[in-house]
Amino acid sequence: CSDVQIQEAVKSESVQNLSYSVDGRNVTLNWTNPSSSDQSGIEIIKDNTDVTDVDGVVNTYYIKRAPVNTDVAYTVKARYSDGRISEGQTARLNIQYTAQAKPGMLIAYNSVSEIEDDDEKAAVEWFQKTYPTGVIFTPNNISEIYPDEVSALWIMIDRVGISQGWKNLPSAISSDATISALTQYAKDGGNLLLCKHATQLVSAIGRISDNYAPGIFGSGDGGSGTDNWGFNAVIGSGLEESYDHRGHSAFTGMEELAESDYGHPVYAMEGPGWREDHNCMWDLNAYGLTTANGANVVLAFQNVTNSTVLGTWAHVLDYCCAGIVEFNATSDYPGKIIAIGLSAYEFNQNTGNKYQSNIELMTKNSIDYLMK
């Protein structure tokens, strides 16, 4: 036995100097790697159960949306090319965090200072004034949105010359990264207010199929008129069965014109002057809906899409079209969506709008309703 030589075990050198930094609810781990040249990667273990393998020799790891208000342990181990795993170093932390839900607004530019469209610029200026603690998101940081921090997100796209279809929205909004972030936000319970051309995002995020995307669309320069534009919140008001949504929270306190240009009460949104004719709403007669879906096209559309049609063009007395729709919470999309696609919803009428207060009030009502 004295002639037997026992080979010395290969030492698995571990990482050293493990530390962490906290930014809100995000954590960055930092450490010093072993000096050994055959290290192939890193193993990170959360609470002795969740294991993340990182290929390559890195010395930092970013944990997005880490658990808060609870004890958490992160252990870092070195992994070697021959399969060995070193002993680990552990960091224990408890992030004290209280989320205070705020409204947010996603703009289709990299910064507020870059906004060119007059309606979108007026909208974001109003948002910042009305919600001083609100959060402005851009395509660069929209992936950082969480429903418990931003419970309602407003997106308002209103462009001259844009083509129909959500893929033709500004690339900052229609990019895979932005659509993915919005989809995840909605599936996590976030609420959305989508206005004008942004109503098309309801199908982009998968809340409805493309077959039921808005079909009434306009993006022209507009023209001058002498009448008032608005919407009728009594759907089918000229028919035997009608649906009165004037009591909806989105319309609370809005001025209703009893003696309107249309012979019945409407909510005025835009007065005489130069107006862009930018509808992006639903033609309920165009989807092939039948009585198997509902007794009329409004009920059929609502049943198929789990929604409520809240408003139509001011002059409409039947079931033909939907200009304001609330998409209700579902198991896959636990948040609500309000879509306002009426041309009358123009945030900056170039010649001045005597009903601007109605536009602003409906916007605030909708955001506040979605945040509850």
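As the structure is a computational prediction, the values presented were derived from the model and not from experiment. (Residues numbered from 1 in each chain as written. Predicted model: local features only at pLDDT ≥ 70, side-chain atom pairs only at ≥ 80, totals over all residues. Heavy atoms only, no water.)

This brings us to the packing of aromatic side chains. By the definition in use, this model includes 16 aromatic pairs. When the ring of Phe-127 is compared with that of Tyr-131, the centres are 5.5 Å apart and the planes differ by 40°; the resulting orientation is tilted. The same class applies to Phe-127 and to Tyr-131, which are both buried. Here the aromatic rings of Phe-231 and Phe-251 are separated by 5.1 Å at their centres, their planes lie at 50°, and the arrangement is tilted. Taken together, the positions of Phe-231 in strand β14 (residues 229–232) and Phe-251 in the loop between β16 (243–244) and β17 (256–257) put the pair 20 residues apart, joining distant regions of the chain. Under the relative-accessibility criterion, Phe-231 is labelled buried at 0%. By relative accessible area, Phe-251 is classed as buried at 2%. Aromatic ring contacts, followed pair by pair, group Trp-126, Phe-127, Tyr-131, Trp-154, Tyr-345 and Phe-347 into a single cluster. The lysine or arginine in question, Arg-25, covers the ring of Tyr-146, its NZ or CZ lying 5.9 Å from the ring centre. (Phe/Tyr/Trp six-rings, centres within 6.5 Å; stacked < 30°, edge-to-face > 60°. Buried < 20%, exposed > 50% of the residue type's maximum accessible area, 1.4 Å probe, protein only. Helix = DSSP H or I, 4+ residues; strand = E, 2+ residues; numbered from the N terminus. Lys NZ or Arg CZ within 6 Å of the ring centre and 35° of its normal.)

A few words on the sheet that holds strand β24 (residues 337–340). In sheet architecture, strand pairing relies on hydrogen bonds along the backbone and comes in two forms, parallel and antiparallel. An order of β9-β8-β10-β11-β24-β23-β21-β14-β18-β17 is seen for the 10 strands of this open sheet, with the pairing classed as mixed. Either end of the sheet is taken by a strand with one partner, and the two such strands are β9 (135–137) and β17. As paired strands, strand β21 (residues 307–313) and strand β23 (residues 324–327) are joined by four bridges and run antiparallel to one another. Opposite Gly-311, over in β23, you have Ile-324 as the bridge partner. Lying on the sheet, helix α1 (residues 118–130) is in contact with β8 (102–106), β9 and β10 (150–157); it crosses β10 at an angle near 155°. In the packing of helix α6 (residues 356–371) onto the sheet, contacts are made with β8, β10, β11 (191–196), β14, β18 (266–270), β23 and β24, and the angle to β10 comes to roughly 145°. (Pairing = 2+ DSSP bridges. Contact = heavy atoms within 4.5 Å. Axes fitted to C-alpha atoms, helices over the stretch in contact; angles between N-to-C directions.)

A few words on the packing of α1 against α6. For the pair α1 and α6, the least separation of the axes is 12 Å and the interaxial angle reads 60°. Relative to α6, the element α1 lies oblique. Our pair here, α1 against α6, has a crossing hand that is right-handed. Contact residues: Trp-126, Phe-127 and Thr-130 in α1; Glu-360, Thr-363, Lys-364 and Ile-367 in α6. Residues that form the contact of α1 with α6 fall into these classes: three nonpolar, two polar and two charged. (Parallel < 35°, antiparallel > 145°, perpendicular 65-115°, else oblique. Left-handed = near helix turned anticlockwise from the far one by under 90°. Nonpolar A, V, L, I, M, F, W, Y, C, P; charged D, E, K, R; others polar.)

Let's shift gears to the pairing of strand β20 (residues 280–283). In terms of strand pairing, strand β12 (residues 216–217) meets β20 through two bridges, oriented antiparallel. Opposite Ile-216, over in β20, you have Met-281 as the bridge partner.

What follows is about the sheet that holds strand β2 (residues 26–32). In spatial order, the strands read β1-β2-β5; together these three strands make up an open sheet with antiparallel pairing. Because the sheet does not close on itself, it has two edges, and the strands there are β1 (16–23) and β5 (60–63). Each strand axis lies, on average, 15° off the axis of its neighbour in the sheet, ignoring direction. Sheet topology note: the β2/β5 ladder contains four bridges and is antiparallel. Looking across to β5, one finds that Thr-28 is bridged to Tyr-62.

Attention now goes to the environment of Val-76. Here Val-76 shows up in strand β6 (residues 72–80). For the pair Val-76 and Leu-29, spaced 47 residues apart in sequence, the C-alpha separation works out to 8.9 Å. Excluding anything up to four places from it in sequence, Val-76 contacts Val-15, Leu-18, Leu-29, Trp-31, Ile-42, Glu-43, Ile-44, Glu-87, Gly-88 and Gln-89.

Time to look at unusual backbone geometry. For Asn-69, which is not a glycine, the phi torsion comes out positive at approximately 55°. You can see Asn-69 is positioned in the loop between β5 and β6. Located in the positive-phi region is Asn-306, a residue other than glycine, with phi close to 50°. Summarising the element assignment, Asn-306 is placed in the loop between α5 (297–305) and β21. A residue is classified by how much of its surface remains accessible, and Asn-306, at 33% relative accessible area, is partly exposed.

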